[in-house]
Amino acid sequence: MVSGYPLIRPRRLRTSPNLSRLAREVSLEPSKFIMPYFVTHGKSIKEPIETMPDQFRYSVDELLKELKNVISLNIGGILLFGVPERKDEFGSESYSNDGIVQQALKSIKDVYPGLLVITDVCLCDYTSHGHCGIVDENGYVKNDETLEYLAKISVSYAKAGADIIAPSDMMDGRVKKIREALDDEGLINIPIMSYSSKYASSFYEPFRDAADCSPKFGNRKSYQMDPSNAAEAILETRLDLDEGADIIMVKPALSYLDVIYRIKQTFQRPLAAYNVSGEYSMIKAASKLGYLKEDDAALEMLTSIKRAGADIIISYYSLYIAKLLLLP
Ligand code: PBG
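These numbers were taken from a predicted model, which means no experiment stands behind them.

This next bit is on the pattern of salt bridges. One pass over the structure, following the stated rule, counts 13 salt bridges. A salt bridge links Arg57 to Glu47; its shortest N-O distance comes to 3.3 Å. In this pair, Arg57 is assigned in strand β3 (residues 56–59) and Glu47 in strand β2 (residues 46–48), connecting sequence segments 10 residues apart. Residue classification places Arg57 among the buried residues on the basis of a relative accessible area of 12%. You can call Glu47 partly exposed: its relative accessible area is 39%. In this structure, the salt-bridge partner of Arg174 is Asp240, at a minimum N-O distance of 3.4 Å. Here the residue Arg174 occupies a position in helix α5 (residues 174–184), and Asp240 occupies one in helix α7 (residues 231–243), the gap between them amounting to 66 residues. Exposure class is identical for Arg174 and Asp240. Each is buried. Connected through salt bridges with shared partners, the residues Asp54, Lys284 and Glu294 form a single ionic network.

Looking at α5, one finds that the buried residues are Arg174, Val175, Ile178, Arg179, Ala181 and Leu182. Down the axis of α5, the buried set is contained in an arc of 165°. They therefore lie on one face. Turning to α5, the residues buried within the fold contact α4 (143–160), β6 (164–167) and α7. Of the residues trailing α5, Gly186 is marked for its positive phi of about 80°.

What follows covers the nonpolar core. One finds Tyr37, Phe38, Leu80 and Ile108 to be the most contacted residues of the largest nonpolar core, which totals 108 residues. Broken down by element, this core gets its largest block of residues, nine residues, from α4. In this structure Phe38 touches Ile49, Met52, Phe56, Arg57, Tyr58, Phe81, Val83, Phe207, Ala210, Ala211 and Tyr316, once residues within four positions along its chain are discounted.

This part covers the side chain of Gln102. When you line up the elements, Gln102 lands in helix α3 (residues 100–111). Filtering out sequence-adjacent residues up to four positions away, Gln102 remains in contact with Glu93, Ser94, Tyr95, Ser96, Asn97, Ser156, Tyr157 and Ala160.

A word on empty space enclosed by the protein. In the structure shown here, the tally under the stated rule is two cavities of 30 Å³ or more. Within this model, the largest cavity holds a volume of roughly 150 Å³. Considering the residues around the largest cavity, the lining is formed by 20 residues, among which Cys124, Lys198, Tyr204, Phe207 and Lys251 are closest to the centre. For the lining of the largest cavity, a count of residues per class yields 11 nonpolar, three polar and six charged. Considering only enclosed or pocket space, the second largest cavity measures out at about 40 Å³ in volume. Contributing to the lining of the second largest cavity are Leu80, Phe81, Gly82, Val101, Asp120, Cys122, Asp125, Tyr126 and Tyr157. It is strand β4 (residues 77–83) that contributes the most residues to the lining of the second largest cavity, three residues altogether. The residue inventory of the lining of the second largest cavity, partitioned by class, reads six nonpolar, one polar and two charged.

What follows is about the site of the ligand. As a matter of local geometry, the ligand sits amid 18 residues, with Lys198, Arg208, Lys251, Ser277 and Tyr316 nearest to it. Note that a nitrogen atom of the ligand is positioned 3.2 Å from one of the side-chain N or O atoms of Ser168. For the ligand, an oxygen atom lies 3.0 Å from a polar atom in the side chain of Gln224. Computed on the free molecule, the ligand has an accessible area of 400 Å², of which 100% lies beneath the protein chains in the complex. Here the ligand occupies the largest cavity. Considering only residue class, the shell around the ligand consists of 10 nonpolar, three polar and five charged.

Attention now goes to the pairing of strand β9 (residues 271–275). For β9, the tally of buried residues reaches five of five residues, placing the bulk of the element in the interior. Both faces of β9 are covered, namely the face carrying Leu271, Ala273 and Asn275 and the face carrying Ala272 and Tyr274. In the sheet, strand β8 (residues 248–251) pairs with β9 via three bridges, with the strands oriented parallel. Bridge pairing links Val250 to Ala273 in β9. Taken together, β8, helix α8 (residues 257–266) and β9 form a β-α-β motif whose crossover is right-handed. Where β9 and strand β10 (residues 312–315) come together, four bridges link them in parallel fashion. Looking at the pairing, Ala273 lines up with Ile313 of β10.

So, how was this worked out
- Residues numbered from 1 in each chain as written.
- Predicted model: local features only at pLDDT ≥ 70, side-chain atom pairs only at ≥ 80, totals over all residues.
- Heavy atoms only, no water.
- Salt bridge = Lys/Arg side-chain N within 4 Å of Asp/Glu carboxyl O.
- Helix = DSSP H or I, 4+ residues; strand = E, 2+ residues; numbered from the N terminus.
- Buried < 20%, exposed > 50% of the residue type's maximum accessible area, 1.4 Å probe, protein only.
- Arc of directions from axis to C-beta.
- Contact = heavy atoms within 4.5 Å.
- Core = buried A, V, L, I, M, F, W, Y, C linked by side-chain atoms within 4.5 Å.
- 1 Å grid on protein atoms, 1.4 Å probe; cavity = no way out; pocket = protein on both sides within 12 Å on 5 of 7 lines; lining within 4 Å.
- Points joined across faces, edges and corners; volume = space filled by probe spheres on them.
- Nonpolar A, V, L, I, M, F, W, Y, C, P; charged D, E, K, R; others polar.
- Near = heavy atom within 4 Å.
- Polar contact = N/O pair within 3.5 Å; in protein donor to acceptor, adjacent residues only side chain to side chain.
- Areas by Shrake-Rupley, 256 points an atom, 1.4 Å probe, with all protein chains shown as cover.
- Sits in = over half its atoms within 2 Å of the grid points.
- Pairing = 2+ DSSP bridges.
- Right-handed = clockwise from strand over helix to strand, strands pointing away.

Rendered as structure tokens:
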């Protein structure tokens, strides 16, 4: 009556795929993704990880072949985890010059000097008991003694060529200790990406199979955070930033989107979110059973992490999604 237009008009920005793409609030870029890799001793090894379909444990030579894809797809970087030959009480392979991560770093930097390589720093892959630190006779993790080891590992990785050091152990005071150790060695330009809010999560289970690092007794609840707490994540993050963290992190991502949002609103710092093994394997398993479509579900999951506020996404889906993004 008032005008010639219908009262309810379609939202015209949604009428074609190109228009909706133009109006999109967040989009994914391969250069903001980090791909994790498990590296192991030996030659010609590309061993499937049962709990993480399409993920493998690689020997260094095989990893070098695989990294061609990382480079050609313009992925932001890789995160290295070592699967050692021998484990002991103190995780000594982790800081040895010929440890598996040190060997991998040297080879990767020889062949692909420009590739950004982040190393996870933790003892759990390397200790016979599977805890993230040195344990006392009662099985408690000794915080301050563990810091000395974390500092040694960090310096060793940085000297072998790591571009970023990423402590995932959750000991108190580790960022400060690692920063001081790196600076003392003149490694002042090596940034620290701290796993600043890392929850005690059941979504790490597939990873523990991949890296063979399940604790042999007890659990990680005394040093990882209670999933019920969000304000605590802000406190933990502030402490890590005060100690010198350059990049902060929320882990896991999917059940903690509210934490990602809060941290990004509170701190104007580069924020990474770790889309962990369980989040990856859930989609893999459901899509194999035909319960959902892998491409759509992976894209939606990763978009939600970005929308919540993550600048950087660490995901086993990095390569997969980068290939998808290339499609018209
Ligand atoms: C080692 C570490 C873990 C993960 C990353 N670094 C396991 C754990 O804390 O138990 C989990 C990553 C994943 O699930 O993808 N501290």
